[in-house]
Amino acid sequence: MNESKDFASELFDALARRRGLTSSSITKSELRGFWEQITDQSFDARLETFFDMVDKNLDGRITEEEVKEIIALSASANKLSKIQERVEEYAALIMEELDPHNLGYIELYNLEMLLLQAPSQSANLLTDSRVLSQMLSQRLVPTKDRNPIKKCCRGLSYFVQDNWKRIWVMLLWLSICAGLFTWKFIQYKHRAVFHVMGYCVTTAKGAAETLKFNMALILLPVCRNTITWLRSRTKLGRVVPFDDNINFHKVIAVGIAIGVGLHAGAHLTCDFPRLLHATDEEYEPMKPFFGDDRPDDYWWFVKGTEGWTGVVMVVLMAISYTLAQPWFRRNRLNLPKILKKLTGFNAFWYSHHLFVIVYVLFIIHGYFLYLSKKWYKRTTWMYLAVPVLLYACERLIRAFRSGYKSVRILKVAVYPGNVLALQMSKPQGFKYTSGQYIFVNCAAVSQFQWHPFSITSAPGDDYLSIHIRTLGDWTSQLKSIFAKVCQPPSVDQSGLLRADIGQADNRPRIPKLLIDGPYGAPAQDYKDYDVLLLVGLGIGATPLISIIKDVLNNIKQQKEIEEGITEDGGATKNSKKKPFATKRAYFYWVTREQGSFEWFRGVMNEVAEYDQDGVIELHNYCTSVYEEGDARSALITMLQSIHHAKNGLDIVSGTRVKTHFARPNWRTVFKHVAVKHTDERVGVFYCGAPGLTGELRRLSQDFSRKTTTKFDFHKENF
């Protein structure tokens, strides 16, 4: 109980009181007695321990003051600040439930009755688990391969099944790079310069050819409009991993870095020294390329157009490449304040635009070549022409489109956990699908920077909403600007600060926002699946919330049609829309902080109110609370049951959805879905930290192979 020292101290005192010990130290045999009681999993032992912790005077009765104290202690141990603020209210609730005759105290049998009722909420789940075990235990026993070769082959098979799109694209890219390098290498091996510069010049020229290709290719993954069109309007998405565009952009950047190293290294350390030290006879074939007079020193090479453009490009690339690394981009390094100002996302964004200069220099460098004098052999511009033109058109489209997609801020809220929620007017003609994202620009922070955020509103809503976690310099400045124009919330409103635009006249001016998009993302394919399993960690729930709201809106629409409020003509009008195949959705949201539940409290309550048929199954998990059975969370579980039974609200999340404690057992979750939906396709959409990606992928593959349910895993970025 390292993280709960106060609770551990109270537990020690309770165990000592039970045995009549007054010393602050215990013997080995007493320690054994403590250990046996703590580890006893029986209900009676747990009840006795818990009662002893509350009943400090050992009179067999618990007063309201003692209840307050233990609630505060439990809330502190589980990092539930909101419960700590309402200790008196919850203590009164327990006394009202267990002391109906107003005796001023409760006894052991009262507590026993309450604790026996608390687990009833999970009775159905336990029954379901038994059924699951009977039906799937045989099939889902993990395969144990004693043969290491078979084990490796199975692992390789899983890897290929999961990554075959990435694999063939990477192999194609490497093959093209290798082919271009080999072609130039062989070409220069048969030229006169080879006899003077040797394999140095062939290596330099081979690397240069791959550089031309990669400098052209690296622009394509960042052409967002083109990629969105290709993945949504063509069938290429079935074989091309368009959602990995940024990862591929980074891979090409590594290829460029290797190419620059080989090209510049071969020239500076090998080609030029060989040329400077060549004999007159050896230099004779070089005169058409370097002039009649042999270069005297390195400066001759540097001062030429070919030289200085190359040096400047390497310096600019090094700056941009360095500041793009996660350690600098996310300010992970503990640098002095002066240097820290030169890092962060702003530094990454501005340094990346140095590539405009790099591309200009690259074309110049590729035109003024020492060893190629004919224009059609200077092929740099040929490689770059189409990608640069496409990228330029992309930027023009973005600039033009964002110019008229100015939005009006309707509502602002700053929630616990440094989350800024923005609700905006929807531009005319703006259409999107749940799971897509938009780029946002705020001129008050920076006129040039655009940042992507998942859309949390549903396509059927008459507004746009996004939730922004303030982690970097740009998001922090945005939050600060909006915090200045917001007003404190009223008692019945959530969020630290809130501004409902239009309710007050005397208010500072709201910053202007521009949006660009929407752009495609993996989650937008959710309508293809009969069943959805949505998993979000923390702020990673944002794109999944939009899906939940869309499913909810579909439920409302179907009910209105059934009740005759809306005619089915709306469906005919929108007949071109993708049919809504989803019949069931499971949403698992795992977060560390109790305050995080305020981000989407309205959505949770709306689902609980309208989804009477149980189409959407919501599961909130708060990992700061210790798992069921832990003494530190026993009272929280009991309090949760009483409060939900009386008021219909969960004490942890403040919603109608009950919160589970600790982390989910993902294998049990998959078993639960597999048994309920045999012979159906389940779309597994995960958005959160990469640590859980591997486990969910393996479970999706494992259950697809061993059950009749087909699980398709998608990793969503946010």
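What counts, and at which threshold
Residues numbered from 1 in each chain as written. Predicted model: local features only at pLDDT ≥ 70, side-chain atom pairs only at ≥ 80, totals over all residues. Heavy atoms only, no water. Helix = DSSP H or I, 4+ residues; strand = E, 2+ residues; numbered from the N terminus. Buried < 20%, exposed > 50% of the residue type's maximum accessible area, 1.4 Å probe, protein only. Contact = heavy atoms within 4.5 Å. Pairing = 2+ DSSP bridges. Disulfide = S-S within 2.5 Å. Phe/Tyr/Trp six-rings, centres within 6.5 Å; stacked < 30°, edge-to-face > 60°. Lys NZ or Arg CZ within 6 Å of the ring centre and 35° of its normal. Axes fitted to C-alpha atoms, helices over the stretch in contact; angles between N-to-C directions. Left-handed = near helix turned anticlockwise from the far one by under 90°. Nonpolar A, V, L, I, M, F, W, Y, C, P; charged D, E, K, R; others polar.

- Per an unreviewed UniProt entry, the protein chain goes by the name Respiratory burst oxidase and belongs to Citrus sinensis.

### Remarks on the overall build of the protein chain
Working step 1: Within the protein chain, the secondary structure is distributed over 29 helices and 16 strands.
Working step 2: Burial analysis of the protein chain (718 residues in total) assigns 47% to the buried set.
Working step 3: Summarising the internal contacts of the protein chain: among those between residues at least 6 apart in sequence, 73% fall at separations of at least 24.

### Here we look at the sheet that holds strand β7 (residues 451–454)
As a general point, the strands of a sheet are linked pairwise by backbone hydrogen bonds and lie either parallel or antiparallel.
Working step 1: Taken together, four strands build an open sheet; the order of strands is β3-β10-β6-β7 and the sheet is antiparallel. A strand with exactly one partner marks an edge of an open sheet, and here the two such strands are β3 (406–407) and β7.
Working step 2: By the bridge criterion, four bridges tie strand β6 (residues 437–442) to β7 in an arrangement that is antiparallel. Note that in β7 the partner of Tyr 437 across the bridge is Ser 454.

### A look at unusual backbone geometry
What you tend to see is this: most non-glycine residues have negative phi, and most peptide bonds are trans.
Working step 1: Despite not being glycine, Ala 662 has its phi angle at roughly 65°, a positive value.
Working step 2: By the element assignment, Ala 662 lies in the loop between β14 (659–661) and α28 (666–676).
Working step 3: Non-glycine residue Asp 679 carries a positive phi angle of around 60°.
Working step 4: Take Asp 679: it is sitting in the loop between α28 and β15 (681–687).
Working step 5: With a relative accessible area of 61%, Asp 679 lands in the exposed category.

### Focus on the state of the cysteines
Working step 1: All chains considered together, the criterion is met by one disulfide.
Working step 2: Cys 153 provides the cysteine sulfur closest to Cys 152, a residue in no disulfide bond, and the two sulfurs are 7.0 Å apart.
Working step 3: Residue Cys 152 is classed as exposed on the basis of its relative accessible area of 54%.

### A look at the packing of aromatic side chains
Working step 1: If you walk through the whole model with that rule in mind, you get 17 aromatic pairs.
Working step 2: Between Phe 670 and Phe 711, the aromatic rings sit 5.1 Å apart at their centres with planes inclined by 45°, giving tilted as the arrangement. Within this pair, whereas Phe 670 is found in helix α28, its partner Phe 711 is found in strand β16 (residues 710–716), the two being separated by 41 residues in sequence.
Working step 3: Residue Phe 711 is classed as buried on the basis of its relative accessible area of 3%.
Working step 4: On the basis of an interplanar angle of 75° and a centroid distance of 6.0 Å, the ring pair of Phe 703 and Phe 711 is categorised as edge-to-face. Summarising the burial analysis for this pair, Phe 703 and Phe 711 share the class buried.
Working step 5: Counting every residue linked through ring pairs, the aromatic cluster contains Phe 181, Phe 185, Phe 194 and Tyr 199.
Working step 6: The lysine or arginine in question, Arg 61, covers the ring of Tyr 105, its NZ or CZ lying 4.2 Å from the ring centre.
Working step 7: Stacked on the ring of Phe 439, the Lys or Arg Arg 224 has its end atom at 3.4 Å from the ring centre.

### Quick word on the packing of helix α11 (residues 199–217) against helix α21 (residues 355–367)
Working step 1: As a packed pair, α11 and α21 sit with axes 12 Å apart at the nearest point and diverge in direction by 145°. Between α11 and α21 lies a crossing of left-handed hand. Here Leu 211, Lys 212 and Met 215 of α11 lie close against α21, whose contacting residues are Val 358, Tyr 359 and Phe 362.
Working step 2: Broken down by class, the residue content of the contact of α11 with α21 amounts to five nonpolar, no polar and one charged.

### Some points on the pairing of strand β8 (residues 463–469)
Working step 1: The element β8 is extensively covered by neighbouring structure, given that six of its seven residues are classed as buried.
Working step 2: Strand direction decides the pairing type here: strand β5 (residues 419–425) and β8, joined by seven bridges, are antiparallel. Bridged to Leu 422 within β8 is Ile 466.

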